[in-house]
Amino acid sequence: MLPIYVISLADAEDRRAQARAQFARQSVDFQFFDALNGEEGLTLFDSCDDETFVLHTGRVTTAGEIGCFASHKALWQRCADADVAIMIMEDDFTLTDDFTRAVAATDALIDELGLMRLQDERRGVSKPVLQFGEFQLERYTKTPHCAMCYAITPALARRLLALHKVYYAPVDVVMKHVWTFDNPMYCLTPYTVTGSELSFDSMIGDRDKCSKGFGMRCRRTMLKCGWQWKRLMFNLVQSDAKIRARCAELQASELSTS
């Protein structure tokens, strides 16, 4: 079974208790990963580019965001070092009854796909690739926010580590920009992970917009237009034919051995 790591502050007792109870109900093995704080997190980056962060987000960063990104980055490193695909989760989730089966499907598919998401989405757009058992495999044409539950391969983890030596944006923002690491993001629907009530009480802290001068506003507009163009170009060159054929082979193999 795919190794599962849950990022959680060491003293977040309520969150950890809720996570343990949900996994226990489905007999799923997992490990907590003690989330890094902002000061610890900065040690995982060569530097922090505050101006680019404002350019990307329209606000200043928080210590919690730095710690969050660093925690994901530390797990990318663990994935790369172990040379095995892993699932990374944040501790404010709710699991549906089909979660265990979704993890099994992800385990079968992840090596072919690189990056898969099990969490529901906001403002994302995806297109069907194929039916895989009871789930539909889909590829995002517009990637969503949040990084509460995803699986990643060692090859992609190494690519992300090489790209993000400098901290300049939240982790979910850099993962949205799939053209930078040249790997689409896939998902399984129906989604089997949703945000719990704990997700409304973020451990990251307040993320208020900051005042920006005319020059910064113009640069942000140009940057966003560039993102739209790069996303369009990236989607145009994607072909699901090989992925569809390979996943169909995997599904046939799974059925023949079951």
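Please read all numbers here as calculations on a predicted model, not as lab measurements.

Draft legend 1. View of the nonpolar core. If you look at the biggest cluster of nonpolar residues, it comprises 41 residues, and the most contacted ones within it are W76, I88, L115, Y150, I152 and M175. Only β1 (4–8), α4 (63–82), β4 (86–90), β9 (149–152), α6 (154–163), α7 (171–176), α8 (178–181) and α9 (214–236) provide two or more residues apiece to this core. Tallying contributions element by element places α4 first for this core, with nine residues. Once residues within four sequence positions are removed from consideration, L115 is found in contact with I110, Y150, A151, I152, L156, M175, F181, N183, P184, M185 and Y186. One finds V6, L137, M148 and C247 within the second-largest nonpolar core, a separate group that totals 35 residues.

Draft legend 2. Region of the structure containing the packing of aromatic side chains. Within this structure, the stated rule accounts for nine aromatic pairs. Taken together, a centroid distance of 6.1 Å and an interplanar angle of 55° make the contact between F23 and F99 tilted. You can see F23 sitting in helix α1 (residues 13–25) and its partner F99 sitting in helix α5 (residues 99–113), a full 76 residues away along the chain. By relative accessible area, F23 is classed as buried at 0%. Taken together through their ring pairs, the aromatic side chains of F23, F30, F32, F93 and F99 make up a single cluster. Looking at R16, its charged tip hangs above the ring of F32, at a distance of 4.4 Å from the centre.

Draft legend 3. Representation of the sheet that holds strand β11 (residues 186–189) within the structure. Taken in spatial order, the eight strands of this open sheet run β2-β1-β4-β9-β6-β11-β8-β7, and their pairing is mixed. At either end of the open sheet lies a strand with only one pairing partner, and these are β2 (31–34) and β7 (125–132). Taking each pair of neighbouring strands and ignoring which way they run, the sheet shows an average axis angle of 30°. Where β7 and strand β8 (residues 135–142) come together, seven bridges link them in antiparallel fashion. Bridging from a neighbouring strand, P128 pairs with E138 of β8. Relative to strand β6 (residues 115–117), α5 is tilted by about 160°, and along the sheet it contacts β1, β4, β6, β7, β8, β9 and β11.

Draft legend 4. Just the pairing of β11, in detail. Of the two faces of β11, the one lined by Y186 and L188 and the one lined by C187 and T189 are each fully buried. Looking at chain direction, β6 and β11 are connected through two bridges and run parallel. Each residue of the ladder has a partner; that of R117, found in β11, is C187.

Draft legend 5. Fine view of the environment of H72. Along the chain, H72 turns up in helix α4. Remark: the alpha-carbon pair of H72 and Y5, spanning 67 residues in sequence, is separated by 9.9 Å.

Draft legend 6. Examining α6 more closely. Looking at α6, one finds that the buried residues are P154, L156, A157, L160 and L161. Seen from one end, α6 has its buried residues packed into an arc of 160°, which puts them on one side. Buried positions along α6 lie against α4, β6, β9 and α8.

Reading the values: the criteria
Residues numbered from 1 in each chain as written. Predicted model: local features only at pLDDT ≥ 70, side-chain atom pairs only at ≥ 80, totals over all residues. Heavy atoms only, no water. Core = buried A, V, L, I, M, F, W, Y, C linked by side-chain atoms within 4.5 Å. Buried < 20%, exposed > 50% of the residue type's maximum accessible area, 1.4 Å probe, protein only. Helix = DSSP H or I, 4+ residues; strand = E, 2+ residues; numbered from the N terminus. Contact = heavy atoms within 4.5 Å. Phe/Tyr/Trp six-rings, centres within 6.5 Å; stacked < 30°, edge-to-face > 60°. Lys NZ or Arg CZ within 6 Å of the ring centre and 35° of its normal. Pairing = 2+ DSSP bridges. Axes fitted to C-alpha atoms, helices over the stretch in contact; angles between N-to-C directions. Arc of directions from axis to C-beta.

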